[in-house]
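Okay, here's what each chain looks like letter by letter:
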Amino acid sequence: MSAALLVEAVVLRTERVAPDHYRLVLHAPEVARAARPGQFVMVRCGSAWDPLLRRPFSVAGVDREAGAVTLLFRVVGRGTALLAGTVPGDALSLLGPLGRGFTLPQAAEAAAVIGGGMGLAPLLFLVEELLARGCRVRVLAGARSRQYLFVPEPAPGCEVLVATEDGSAGRPGPVTVLLPFVGPEVRRYYACGPREMLRAVAAELERRGLSGEVCLEERMACGVGACRGCVCRVRRGEGMAWAAVCAEGPVFPAGEVCWE
Amino acid sequence: MRPRLRVRLGRLELKNPVVTASGTFGFGREYADLVDLSRPGAVTVKSLTLAPRSGNPPPRTVETPAGMLNAIGLENPGVEWFLAEGLPFLRQRRVPVIASIAGETAAEYAALAAKLDRAPGLVALEVNLSCPNVARGGLAFGGDPVAAAEVTRAVREATGLPVIAKLSAQVTDIVAVARAVLEAGAEVLSLINTLPGMAVDVYRRRPVLGNVFGGLSGPAIRPVAVRAVWQVYAALRCPIIGMGGIMTAVDALEFVLAGARAVAVGTAHFVNPRAAEEVLDGIERYLVEQGVADFNDLVGAAHDGG
């Protein structure tokens, strides 16, 4: 992974994409060039000391020619509310790209990409990179309701199946109802979403002998592995250890994560 | 002419008065891509224990008004790792290092001090007498002048390095604790550690932190920290490293004028990884603007008669 950068990004667009959900497009050419799917950035949400800490967001896409980085987020508190209120031209301090991203296949192969809710954000970026490598991608996308479903643009080689909890689009139920559609041609899977969803996906697919990677979310302070605040339980050798989600993740081999 | 920034705290000499606070800057390597590690007067590393420690269950941090709570629980890879890998990394970059140490007994502190005694690159030991997030040791020592002095004396006898005692403001009489550790052989005081606090998740109806309690840091605690520095300096005129919510040079200068000869930047690193060097640059600018030739002339200058 390339070194993290601390840059002043400029807001290009802030768009409301669903109730309380926003897409933020930032001009940050060095970060756009360096970011890999699964990596994240820490954004300062204002210039005052309250709210104090940066907020972590997965990179949802980059346009390397335009030098743009896209983030997708839900307003959950004061920091994200401030970001939702930004307008083009606003400057935001950006730290990133951070963390370990997804392992991309060396050769073109079939992959399953499974996301629930905001967990789809890093997967949108991942799907673009997988398609660019000639992979065939089957996306299983889940959300509460149709309007919160963030799916990749239609593209050759990419098939999207959806499930919604209220049945407003695709199959009714959580994204896990789509797991039977992970076909035998699939060589690896990538997943991101709520912890319970990831646990269910990993349990089912690992049982079928598939290995994959999951992208985890945790409260973070530093984002670079210094404070040891954002830990999760992982298997290491014979035992267990706390791994910093920011520096050792946020992407982990699914088999390494201790879900209990 | 550039103002003089060099400071002396007992036998500890620093090229400038800005250091990093323990627990907020990892072992320096985490920030090596982002920060010029050679700028701060010293890097204080995360508290070391004899054996590696795995720390507390998550959640370990939560943001609070103009601050944050942490309950990391002294997670660290242990002193042997530090001697084999952590310290050589910093030494290669010519970074003066202050090692923070923590134990559950005075004997553990002394054993740590002995192991670190002749380690090249170390300029001082900081005795963490005030971690609020561990069941044994930490604040249990720092809250009591007799216990704090016992630990300090044990460390003093085990090392030739300058000894810094890091104290909590969560005590009835901070001057009494300060006096006790100075008499026991501490040459410098670090004031202050985080303040014990907690947050409740009203939707889950449970404490937010896995450890229930955590240490409050950030701008929210700065007035408490400045007061502690003022009181101790007024009573004892001893070398103090002031810390607690320093985000800018102006914040740092409050501590200096209250009596701190050096300052530590902590939680600010999470907001701005370059906070320490920006504080340093800002102090230098202030000295130039105010026509002060020597930083040392500012120390305690807000007290009557300097």
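Look a little higher up for the structure.
On a predicted model such as this, the values are computed, not experimentally measured, just so you know. (Residues numbered from 1 in each chain as written. Chains lettered and ligands numbered in written order. Predicted model: local features only at pLDDT ≥ 70, side-chain atom pairs only at ≥ 80, totals over all residues. Heavy atoms only, no water.)

Looking at the pairing of strand β10 (residues 188-191) of chain B
All names here are of chain B.
Okay, step 1: Both faces of β10 are covered, namely the face carrying Val188 and Ser190 and the face carrying Leu189 and Leu191.
Okay, step 2: The pairing of strand β9 (residues 163-167) with β10 spans 4 bridges and is classified as parallel. By the bridge assignment for β10, Lys166 is matched with Ser190.
Okay, step 3: Chirality of the crossover, the property in question, places the unit of β9, helix α5 (residues 174-183) and β10 among those that are right-handed.
Okay, step 4: Across 3 bridges, the pairing between β10 and strand β15 (residues 240-243) is parallel. Across the sheet, the residue bridging to Leu189 is Ile240, located in β15. (Buried < 20%, exposed > 50% of the residue type's maximum accessible area, 1.4 Å probe, protein only. Helix = DSSP H or I, 4+ residues; strand = E, 2+ residues; numbered from the N terminus. Pairing = 2+ DSSP bridges. Right-handed = clockwise from strand over helix to strand, strands pointing away.)

Topic: the nonpolar core
Okay, step 1: Judged by nonpolar contacts, the single largest core of 147 residues is most densely connected at Ile114(A), Tyr189(A), Phe82(B), Leu122(B), Leu129(B) and Ile283(B).
Okay, step 2: Contacts of Tyr189(A), omitting those with residues within four sequence positions, involve Ala112(A), Ile114(A), Val201(A), Ala202(A), Leu205(A), Glu206(A), Leu210(A), Ser211(A), Gly212(A), Glu213(A) and Ala254(A).
Okay, step 3: By size, the runner-up hydrophobic cluster in this structure holds 28 residues, among which are Ala60(A), Leu130(A), Tyr148(A) and Leu149(A). (Core = buried A, V, L, I, M, F, W, Y, C linked by side-chain atoms within 4.5 Å. Contact = heavy atoms within 4.5 Å.)

Thoughts on helix α1 (residues 79-92) of chain B
Residues lying three or four places apart along an α-helix face the same way, a consequence of the helix completing one turn every 3.6 residues.
Residues and elements named next belong to chain B.
Okay, step 1: Helix length check: α1 (14 residues) gives 18 Å between terminal C-alpha atoms against 20 Å at 1.5 Å per residue, within 8%.
Okay, step 2: Its maximal kink placed at Gly86, α1 deviates by approximately 35°, while the proline Pro88 follows within four residues.
Okay, step 3: When α1 is considered as a whole, its buried residues turn out to be Val79, Trp81, Phe82, Gly86, Leu87, Phe89 and Leu90.
Okay, step 4: Turning to α1, the residues buried within the fold contact β7 (97-101), α2 (106-116) and β8 (122-128). (Expected span 1.5 Å × (residues − 1). Bend = angle between axes of the 7 residues up to and from the residue.)

Digging into the side chain of Asp117(B)
Okay, step 1: Here Asp117(B) is to be found in the loop between α2 and β8.
Okay, step 2: Those residues in contact with Asp117(B) that lie beyond four places of it in its chain are Ala158(B), Thr159(B), Gly160(B) and Leu161(B).

Side note on the interface of chain B and chain A
Okay, step 1: Chain B puts 36 residues into the contact, and the matching count from chain A is 25 residues.
Okay, step 2: Here chain B packs against chain A, burying approximately 2500 Å² in sum over the two surfaces, 63% of which is carbon and sulfur.
Okay, step 3: Three residues, Glu63(B), Phe270(B) and Val271(B), lead the burial of chain B against chain A; their summed loss comes to 25% of the area buried on that side.
Okay, step 4: Linking chain B with chain A are 3 salt bridges, by the criterion used here. (Buried area = accessible area lost by both parts, 1.4 Å probe. Salt bridge = Lys/Arg side-chain N within 4 Å of Asp/Glu carboxyl O.)

Points about the sheet that holds strand β12 (residues 188-192) of chain A
Residue and element names in this part refer to chain A.
Okay, step 1: Across the sheet, 7 strands lie side by side as β11-β10-β9-β8-β12-β13-β16; this open sheet has mixed pairing. Each end of this open sheet is capped by a strand with a single partner; those strands are β11 (171-172) and β16 (251-253).
Okay, step 2: With 5 bridges joining them, β12 and strand β13 (residues 211-215) adopt parallel strand pairing. Residue pairing across strands places Tyr189 opposite Gly212, the latter belonging to β13.
Okay, step 3: Taken strand by strand, helix α3 (residues 120-132) contacts β8 (110-116), β9 (136-143), β10 (158-164), β12 and β13, and its axis lies near 165° from that of β8.
Okay, step 4: Strand contacts of helix α4 (residues 195-207): β8, β12 and β13, with the helix running at about 165° to β12, the strand carrying the most contacts. (Axes fitted to C-alpha atoms, helices over the stretch in contact; angles between N-to-C directions.)

What to know about the packing of α1(B) against α2(B)
Residue and element names in this part refer to chain B.
Okay, step 1: Packing of α1 against α2 brings their axes to within 10 Å, and their N-to-C directions diverge by 15°. Accordingly, the angle class assigned to the pair α1 and α2 is roughly parallel. Of the two possible hands of crossing, α1 and α2 adopt the one that is right-handed. Here Val79, Glu80, Phe82 and Leu83 of α1 come into contact with α2, specifically with Leu112, Lys115 and Leu116. (Parallel < 35°, antiparallel > 145°, perpendicular 65-115°, else oblique. Left-handed = near helix turned anticlockwise from the far one by under 90°.)

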